[in-house]
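# Breakdown of the fold
Next come the chains, spelled out residue by residue.
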Amino acid sequence: MVRYLKNGFFPKHCPICEELLDEGCDWLIACDLCSAHWPDLRGPSGLVFMKERCFVEYAQTGFRLRTEKRLNQQVNEFKYGGNRFLARRWGQWLGTHHSLPNEYQPNRCVLVPVPLHWKKRVIRGYNQAHWIAKGISSVWKIPVHSSLLRRRHYGKSLTNLDRKSRNELSRELYESKDANGRFQVFLVDDVMTTGSTLSACGDAVQRAGHEWIGIITLALA
Ligand SMILES: [Zn+2]
């Protein structure tokens, strides 16, 4: 199965039970029966966990990481295994299970992936958050704006810092290259850990005058 995914083909079988998947469901990762056992966070509990870490109007995630080995493998596969098509497929899965809230204007909404520093992006070959955003975009029909944010420093991390140094670093870690302030922004990332990265990106979006309205991540660590 992993072999198929690496080649970028959509598998026709559930990777867990090998049952045949429905035709035309490109976004399906596994059959409903198998995915029913995942630590699902698509409901209200995901929203609560996310808002505890990062305060924003709209917050959605897919599943809890760590407890399910196969889901960890999926994330590793697109994060370190070079499989950007798998990231897009998970994005389609997310976009299919969550919807664009009615109150937002589709003509102003954009999906903005959390940026990698350019050096890291060159080493990995792509930004996985960008491909997740592309998957959501194919369902929600709103554009991905990957150049809205830029990461300024390489290698500096917001984790393991006390609150004061984290606040200081996060103010200078990300910046918006588009200061026209006309977008309603949904930030997209693969995994939410402390929420400090998403908050730092949200601050940068707001400093440039855009409206920061939501966060969407595939998983919650
Ligand atoms: Zn299955």
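Just so it is clear, the model here is predicted, and its values are computed rather than measured.

Right, let's talk about the layout of surface pockets for a bit. Size it by volume and the largest pocket reaches roughly 770 Å³. If you go around the largest pocket, you meet 35 residues; those closest to its centre are Lys79, Lys120, Asp189, Asp190 and Thr197. Grouping the constituent residues of the lining of the largest pocket by class yields 13 nonpolar, 14 polar and eight charged.

Scanning the entire structure with this criterion turns up eight aromatic pairs. Look at Trp90 and Trp93: their rings are 5.0 Å apart centre to centre, the planes differ by 80 degrees, and that puts the pair in the edge-to-face class. With Trp90 and Trp93 both in helix 5 (residues 84–97), this residue pair falls three residues apart, about one helical turn. With a relative accessible area of 0%, Trp90 lands in the buried category. Relative accessible area serves as the criterion here: at 4%, Trp93 is assigned to the buried category. One cation-aromatic arrangement involves Lys134 over Trp131; the distance from NZ or CZ to the ring centre is 5.2 Å.

Positive phi, normally seen in glycine, also occurs at Lys141, with a value near 60 degrees. Inspection of the secondary structure puts Lys141 in the loop between helix 7 (128–140) and strand 3 (149–151).

Attention now goes to the pattern of salt bridges. The final tally for this structure, using the stated rule, is six salt bridges. Residues Lys164 and Glu168 are paired through a salt bridge, measuring 3.3 Å at the closest nitrogen-oxygen approach. One end of the pair is Lys164 and the other is Glu168, both in helix 8 (residues 163–173) and four residues apart, which spans about a single turn. You can call Lys164 exposed: its relative accessible area is 59%. Assessed through its relative accessible area of 40%, Glu168 is described here as partly exposed. Several salt bridges share partner residues, and in doing so they unite Arg150, Arg152 and Glu175 into one network.

Rules of the game
- Residues numbered from 1 in each chain as written.
- Predicted model: local features only at pLDDT ≥ 70, side-chain atom pairs only at ≥ 80, totals over all residues.
- Heavy atoms only, no water.
- 1 Å grid on protein atoms, 1.4 Å probe; cavity = no way out; pocket = protein on both sides within 12 Å on 5 of 7 lines; lining within 4 Å.
- Points joined across faces, edges and corners; volume = space filled by probe spheres on them.
- Nonpolar A, V, L, I, M, F, W, Y, C, P; charged D, E, K, R; others polar.
- Phe/Tyr/Trp six-rings, centres within 6.5 Å; stacked < 30°, edge-to-face > 60°.
- Helix = DSSP H or I, 4+ residues; strand = E, 2+ residues; numbered from the N terminus.
- Buried < 20%, exposed > 50% of the residue type's maximum accessible area, 1.4 Å probe, protein only.
- Lys NZ or Arg CZ within 6 Å of the ring centre and 35° of its normal.
- Salt bridge = Lys/Arg side-chain N within 4 Å of Asp/Glu carboxyl O.

In short, shape yes, function no, at least from these values alone.
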